[in-house]
Amino acid sequence: MRNLNTVLSKLNDRLLRLEGELFVLRSIARAALTAGDESAVRTRKLLEGAKLALSDEAERPLDAATGKYVAAAIAMVEELLENPREAAPLFRVIDGGRRDD
């Protein structure tokens, strides 16, 4: 049972690290998209191209793991392409985080 707890702990640490990295990258991408300059237009075009490529990939026969991967990538691109609400901050805390109080 001790090995299982060690594996679960390592997986949890890896997931938290990946969520932290994704949080920063998503925030940077959102800031780049809302800058209102030429770079923002270029970034939006890149994301639209990525969405097309991912949509094409999703139509191919995929195994379950790859299907989940592609679906998550499409969801993130669609989220980034949405116009942000005026009151929404560019950086936000992920729901469900832990506190060591």
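What counts as what
Residues numbered from 1 in each chain as written. Predicted model: local features only at pLDDT ≥ 70, side-chain atom pairs only at ≥ 80, totals over all residues. Heavy atoms only, no water. Helix = DSSP H or I, 4+ residues; strand = E, 2+ residues; numbered from the N terminus. Buried < 20%, exposed > 50% of the residue type's maximum accessible area, 1.4 Å probe, protein only. Contact = heavy atoms within 4.5 Å. 1 Å grid on protein atoms, 1.4 Å probe; cavity = no way out; pocket = protein on both sides within 12 Å on 5 of 7 lines; lining within 4 Å. Points joined across faces, edges and corners; volume = space filled by probe spheres on them. Core = buried A, V, L, I, M, F, W, Y, C linked by side-chain atoms within 4.5 Å. Patch = residues over 30% accessible without salt bridge, like charges linked within 9 Å, V, L, I, M, F, W, Y side chains within 5 Å. Areas by Shrake-Rupley, 256 points an atom, 1.4 Å probe, with all protein chains shown as cover. Salt bridge = Lys/Arg side-chain N within 4 Å of Asp/Glu carboxyl O. Expected span 1.5 Å × (residues − 1). Arc of directions from axis to C-beta.

Remarks on the overall build of the chain
In terms of helices and strands, the chain carries three helices and zero strands. Order of helices (α) and strands (β) in the chain, N terminus to C terminus: α-α-α. For the chain, with 101 residues in total, the buried portion stands at 12%. By sequence separation, contacts in the chain at least 24 residues apart represent 67% of the contacts at least 6 residues apart.

A closer look at the layout of surface pockets
Computed from the structure, the second largest pocket encloses a volume of approximately 270 Å³. Around the second largest pocket, the lining residues are L22, R26, Y69, A72, A73, A75, M76 and E79. Contributions of two or more residues to the lining of the second largest pocket are made by α1 (2-33) and α3 (64-81). Top element by residues in the lining of the second largest pocket is α3. It accounts for six residues.

Re the nonpolar core
If you look at the biggest cluster of nonpolar residues, it comprises six residues: A29, L33, L47, V77, L80 and L81. Sorting the residues of this core by element identifies α1 and α3 as the ones contributing at least two each.

With respect to a nonpolar patch on the surface
Among the surface-exposed residues, L4, V7, L8 and L11 lie close enough to one another that they form a single nonpolar patch of about 360 Å² accessible area. Position of V7 relative to the elements: it lies in helix α1. Note on V7: relative accessible area 46%, which makes it partly exposed.

Observations concerning α3
The end-to-end C-alpha distance of α3 is 26 Å, a good match for the 26 Å that 18 residues give at a rise of 1.5 Å each. Burial in α3 covers these residues: V70, I74, V77, L80 and L81. Buried residues of α3 fall within an arc of 130° about the axis and therefore sit on the same side. Those residues of α3 that are exposed and angled more than 90 degrees off the buried face are A64, A65 and K68. Looking at the buried residues of α3, the elements they touch are α1 and α2 (38-59).

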